[in-house]
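So you can see what is in the structure, the chains are spelled out below.
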Amino acid sequence: MHSLPEQAIDIAIIGGGQAGLSVAYFLRNTPHTFVILDAEQSSGGAWLHGWNSLRLFSPANWSSLSGWQMPPVEDEYPTRTHVVDYLSRYEARYQFPIERPVVINAVERGENCLRLVSAEKIWRAKAVVSATGTWRHPFIPTYANAHLFSGTQLHSAHYGNADNFVGKKVIVMGGGNSGAQLLAEVSKVADCIWVTPHEPVFLPDDVDGRVLFARATERWKAHKEGRVIDQPVGGLGDIVMVPSVVEARARGVLKTVRPFASFTPTGVMWNDGSETTVDAVIWCTGFRPAVQHLHSLGIINSEGKIDVNETRAIQEPRLWLVGYGEWTGLASATIVGVSRSARATAEEIDEFLKTS
Ligand code: FAD
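Residues numbered from 1 in each chain as written. Predicted model: local features only at pLDDT ≥ 70, side-chain atom pairs only at ≥ 80, totals over all residues. Heavy atoms only, no water.

Examining the pairing of strand S8 (residues 169-173)
Counting buried residues in S8 gives 4 out of 5 residues, a clear majority hidden from the surface. As defined by bridge partners, S8 adjoins strand S9 (residues 191-195) across 5 bridges and the pair is classed as parallel. Across the sheet, Met-173 pairs through a bridge with Val-195, a residue of S9. In this view, the connection linking S8 to its parallel neighbour S9 by way of helix H3 (residues 177-186) has right-handed handedness. (Buried < 20%, exposed > 50% of the residue type's maximum accessible area, 1.4 Å probe, protein only. Helix = DSSP H or I, 4+ residues; strand = E, 2+ residues; numbered from the N terminus. Pairing = 2+ DSSP bridges. Right-handed = clockwise from strand over helix to strand, strands pointing away.)

See below:
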């Protein structure tokens, strides 16, 4: 039994990043009480942890939550700190009730409620939105003998800048935007090998987040209307030619090789048996949904996700999931894209609470 203080609330939002704030924006005009419980020390969600040089891949007016536009910046693409500042001012503007730092360790079924358990307190909520993103669950694929490698291994989630790699031999793993951008940066100070499972897809230079969002919207409309549309190749995971990647292309470093067979104590062994000594491997291999707190509900599927109808958990009618990726709404893991599923979620919860 828990002997922690308990508080009853209509709606609890777990996670105070852009997805949690977006749901709060649409809930604030409903009669229901709500609270945002966020594990960070301050505003900004995962943007607090991005690497120092990280910039958005679309301009400010294409990177805003509902209600208040991100202020414009001089350079076309806002910096990570600009996003943190925007999210911080956004939550202050709407005076959202946020408690920080609060880590929800488990969500349990209670009587007519879900119980959110932290180390200090329990919230009993009639409806729960999980908006915990992916940053707390970095993914590293399994490679033979990885445990033998004595060099540095770092996931992009924990990369700050290239200072630790000056003059080193570095493998950058992964063919998405993180891989391309870190390769571009680290290759200025280190000898890099870029390893990707297949040849990466580089988008045309004039395609940035704007075009990708417009395509996602077209797909969403077509899906709603039951149409099939023919779109050019290019999804949110393909490489956007941001200035740093264009510059790396001009330097001739955007060359990839296919994965090695195994690690060795001092580096890697390739499929032909040859070996390369390396000092460090940077894993730009993505993330999985950070839903460890939902294990206690027994609803996590074999892919580490939760089966949903739009954003509502099929096996737990008091739970909604917002912002994780395409499986919880097209483009919902982006700032501009999350509003659509956040709005629909707030409307559904309002309806649920009014009728239950
Ligand atoms: P997060 O920002 O991760 O917020 C989740 C919050 O939940 C965090 O504050 C976390 O501390 C908290 N939390 C987690 N677990 C718990 C728990 N158990 N209890 C309490 N709190 C918890 N998007 C764009 O729109 N444009 C871009 O240009 C762009 N570039 C990107 C570049 C990179 C390299 C990456 C990785 C992502 C990029 N994105 C971009 C994607 C997206 O905007 C971010 O991933 C975004 O942070 C997701 O927001 P979120 O609110 O869903 O999750």
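Observations regarding the pattern of salt bridges
The full count for this structure, using the stated rule, is 16 salt bridges. Asp-10 is paired through a salt bridge with Lys-126; the nearest N and O atoms lie 3.1 Å apart. Placement of the pair is Asp-10 in strand S1 (residues 6-14) and Lys-126 in strand S6 (residues 122-130), with a sequence separation of 116 residues. Judged by relative accessible area, which is 15%, Asp-10 ranks as buried. Residue Lys-126 is classed as partly exposed on the basis of its relative accessible area of 38%. Salt bridges sharing common partners tie together Glu-6, Glu-108, Arg-115 and Arg-124. (Salt bridge = Lys/Arg side-chain N within 4 Å of Asp/Glu carboxyl O.)

Observations regarding the environment of Leu-353
Structurally, the position occupied by Leu-353 is in helix H6 (residues 338-355). By relative accessible area, which is 12% here, Leu-353 ends up buried. Contact partners of Leu-353, with chain neighbours within four places excluded, come to Asp-10, Ile-11, His-32, Lys-126 and Ala-127. (Contact = heavy atoms within 4.5 Å.)

Looking at the side chain of Lys-121
Note on placement: Lys-121 falls in the loop between strand S5 (113-117) and S6. Glu-99 provides the closest opposite charge to the buried, salt-bridge-free Lys-121, at an N-O distance of 4.1 Å. A distance of 2.5 Å separates the side chain of Lys-121 from the side chain of Gln-7, its partner in a polar contact. (Lys, Arg positive; Asp, Glu negative; His and termini not counted. Polar contact = N/O pair within 3.5 Å; in protein donor to acceptor, adjacent residues only side chain to side chain.)

Focus: the side chain of Ser-43
Position of Ser-43 among the secondary structure elements: in the loop between strand S2 (34-37) and helix H2 (80-93). A distance of 2.9 Å separates the side chain of Ser-43 from the side chain of Glu-91, its partner in a polar contact. Those residues in contact with Ser-43, other than ones at most four positions away along the chain, are Leu-48, Val-84, Ser-88, Glu-91 and Arg-100.

Examining the packing of aromatic side chains
Enumeration over the complete set of coordinates arrives at 19 aromatic pairs. Each ring, one from Tyr-143 and one from Trp-283, has its centre 5.7 Å from the other, and the planes form 50°; the classification is tilted. Taken as a pair, Tyr-143 in the loop between S6 and strand S7 (152-155) and Trp-283 in strand S14 (residues 280-283) lie far apart in primary sequence, 140 residues in all. No difference in accessibility class separates Tyr-143 from Trp-283, as the two residues are buried. Centroid distance Phe-263 to Trp-283: 6.1 Å. Interplanar angle 55°. Geometry classified as tilted. Of the two residues, Phe-263 sits in strand S11 (residues 262-264) while Trp-283 sits in strand S14, which places them 20 residues apart along the sequence. Using a relative accessible area of 1% as the deciding quantity, one classes Phe-263 as buried. Connected via pairs of aromatic rings, a cluster forms that spans Tyr-25, Phe-26, Trp-68, Tyr-86, Tyr-90, Tyr-94 and Phe-96. The ring of Tyr-25 has Arg-28 lying over it, and the distance from NZ or CZ to the ring centre is 4.2 Å. Taking the ring centre of Phe-139 as reference, the NZ or CZ of Arg-288 above it sits at 3.7 Å. (Phe/Tyr/Trp six-rings, centres within 6.5 Å; stacked < 30°, edge-to-face > 60°. Lys NZ or Arg CZ within 6 Å of the ring centre and 35° of its normal.)

Examining unusual backbone geometry
Of note, the amide linkage connecting Arg-100 to Pro-101 takes the cis form, showing an omega dihedral of -20°. As for its position among the elements, Pro-101 is in the loop between strand S3 (98-99) and strand S4 (106-110). Non-glycine residue Gln-95 carries a positive phi angle of around 50°. Locating Gln-95 in the fold gives a position in the loop between H2 and S3. A relative accessible area of 67% means that Gln-95 is categorised as exposed. Unusually for a residue other than glycine, Ala-331 sits at a positive phi of about 60°. Since its relative accessible area comes to 3%, Ala-331 is described here as buried.

So, the site of the ligand
In the region of the ligand, 30 residues are neighbours, and Asp-38, Glu-40, Ala-46, Phe-57 and Ala-333 sit closest. Between Glu-40 and the ligand, the recorded distance is 2.6 Å, taken from a side-chain N or O atom to an oxygen atom. Contact distances for the ligand include 3.3 Å between an oxygen atom and a side-chain N or O atom of Arg-136. In isolation the ligand exposes 990 Å². Once the protein is present, 88% of that is buried. Residues belonging to the shell around the ligand are distributed by class as follows: 16 nonpolar, 11 polar and 3 charged. (Near = heavy atom within 4 Å. Areas by Shrake-Rupley, 256 points an atom, 1.4 Å probe, with all protein chains shown as cover. Nonpolar A, V, L, I, M, F, W, Y, C, P; charged D, E, K, R; others polar.)

Details of the sheet that holds S14
Strand order in the open sheet formed by 5 strands is S7-S14-S8-S9-S10, with parallel pairing between adjacent strands. Two strands bound the open sheet, and with one partner strand each, they are S7 and strand S10 (256-257). Along the sheet, H3 makes contact with S8, S9 and S14, crossing S9 at roughly 165°. (Axes fitted to C-alpha atoms, helices over the stretch in contact; angles between N-to-C directions.)

Some thoughts on the environment of Arg-312
Looking at the element boundaries, Arg-312 is found in strand S16 (residues 312-313). Sequence separation between Arg-312 and Phe-149 is 163 residues, and the spatial gap between their C-alpha atoms is 43 Å. Leaving out residues up to four positions away in the same chain, Arg-312 has contacts with Asp-307, Pro-317, Leu-319, Trp-320, Glu-348 and Phe-352.

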